[in-house]
Amino acid sequence: MRWRDVDLDGRQITISGSAAFIAGERIEGTTKSGRSRVVSIDAGTVQGLKAHRQRQNADRLAAGEEWERAAGKDDDYVFATT
């Protein structure tokens, strides 16, 4: 899930694909049905995601260029372990 798929103001997440690791390589594809869908999230989840994003942004600033090298410039994942 990427931040661009999360609408905190609208309290929803758009699911438009899937991801898996096969032989250590990340493979991205479509959903099982091939269609995207929107999932509503509650106020508590919105607050949790906002707090998570603040912590993640602080980590990104602290890591500097290392974050970009490890995660990739365009890989704005909500949950990153790199």
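It should be emphasised that the depicted structure is a prediction, and the values quoted were computed from it without experimental measurement. (Residues numbered from 1 in each chain as written. Predicted model: local features only at pLDDT ≥ 70, side-chain atom pairs only at ≥ 80, totals over all residues. Heavy atoms only, no water.)

### Description of the packing of aromatic side chains
Moving on, step 1. Under the defined criterion, the tally for this structure stands at zero aromatic pairs.
Moving on, step 2. One Lys or Arg, Arg 53, reaches over the ring of Trp 3 and ends 4.4 Å from the middle of that ring. (Phe/Tyr/Trp six-rings, centres within 6.5 Å; stacked < 30°, edge-to-face > 60°. Lys NZ or Arg CZ within 6 Å of the ring centre and 35° of its normal.)

### Describing the confidence of the model for the chain
Regions with low pLDDT should not have their predicted coordinates read in detail.
Moving on, step 1. Confidence in the prediction for the chain averages 87 pLDDT; 91% of positions are at 70 or higher.
Moving on, step 2. The element-level mean pLDDT for the chain is lowest in helix H2 (residues 65-71), coming to 75, with strand E1 (residues 6-7) highest at 96. (pLDDT = per-residue confidence, 0-100. Helix = DSSP H or I, 4+ residues; strand = E, 2+ residues; numbered from the N terminus.)

### As for the pattern of salt bridges
Moving on, step 1. Scanning the entire structure with this criterion turns up two salt bridges.
Moving on, step 2. When the shortest N-O distance is used, the salt bridge between Glu 28 and Arg 2 registers 3.0 Å. Of this pair, Glu 28 sits in strand E4 (residues 25-29) while Arg 2 is found in the segment before E1, placing the two residues 26 residues apart along the sequence.
Moving on, step 3. Among the residues examined, Arg 2 registers a relative accessible area of 12% and is labelled buried.
Moving on, step 4. For Arg 60, the salt bridge is made with Asp 76, and the minimal N-O distance between the two is 3.3 Å. Of this pair, Arg 60 sits in helix H1 (residues 43-63) while Asp 76 is found in the segment after H2, placing the two residues 16 residues apart along the sequence.
Moving on, step 5. Look at Arg 60 and you get partly exposed, because its relative accessible area is 24%.
Moving on, step 6. Look at Asp 76 and you get partly exposed, because its relative accessible area is 24%. (Salt bridge = Lys/Arg side-chain N within 4 Å of Asp/Glu carboxyl O. Buried < 20%, exposed > 50% of the residue type's maximum accessible area, 1.4 Å probe, protein only.)

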